[in-house]
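# Examining the three-dimensional arrangement
One-letter residues, chain by chain:
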Amino acid sequence: MAGVYTAFSVVVMPALRRRPAAEGAALMQEVNRVIVNPVFVLLFAGTGVLAVVAAVLDTWAVVGAVLYVLGSIGLTVVADIPLNNTLDADGERVWSRYLSRWTAWNHVRALATTAVTVALVVAA
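Residues numbered from 1 in each chain as written. Predicted model: local features only at pLDDT ≥ 70, side-chain atom pairs only at ≥ 80, totals over all residues. Heavy atoms only, no water.

### Quick notes on the environment of Gly 48
- The residue Gly 48 is located in helix α3 (residues 38-55) in this model.
- On the basis of relative accessibility, which here comes to 4%, the residue Gly 48 falls in the buried class.
- Placed 67 residues apart in sequence, Gly 48 and Ala 115 show a C-alpha to C-alpha distance of 14 Å.
- With residues near it in sequence (within four places) discarded, Gly 48 still touches Tyr 68 and Ile 73. (Helix = DSSP H or I, 4+ residues; strand = E, 2+ residues; numbered from the N terminus. Buried < 20%, exposed > 50% of the residue type's maximum accessible area, 1.4 Å probe, protein only. Contact = heavy atoms within 4.5 Å.)

### Here's the deal with the side chain of Thr 76
- With respect to the helices, strands and loops of the structure, Thr 76 is situated in helix α4 (residues 59-90).
- Residue Thr 76 is classed as buried on the basis of its relative accessible area of 10%.
- When neighbours within four sequence positions are excluded, Thr 76 is seen to be in contact with Tyr 5, Phe 44, Ile 81, Pro 82 and Arg 109.

### Brief notes about the side chain of Asn 106
- Of note, Asn 106 is situated in helix α5 (residues 95-123).
- For Asn 106, the side chain forms a polar contact with the side chain of Arg 109, separated by 2.7 Å.
- Setting aside chain neighbours within four positions, we find Asn 106 in contact with Tyr 5, Phe 8 and Ser 9. (Polar contact = N/O pair within 3.5 Å; in protein donor to acceptor, adjacent residues only side chain to side chain.)

In structure tokens, the structure reads:
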């Protein structure tokens, strides 16, 4: 997940920022629709489940599990999904504000999941 979030922060969102607002908003709306698929959901939720299971075995795994649940799943639920719903409802009208807020929260998710990776590597 660290790679997915980082790719969005350093490639996808900057590319969308370069497009006219209507086009950028429409493309992000489509990404938000397409990303809800079995493979992504398995990777997104499965990583959290595996981190929690590993937490039973090691203190560093506990750190990794907590960081993943809060920094990936938690931030997605409380920050990114509400922003995606607003974009879906209002598109171009909210694009500029959406772009900066969504990208900022995504940077946090990228850093959090990178820290998860480090913690789980140490645990291993």
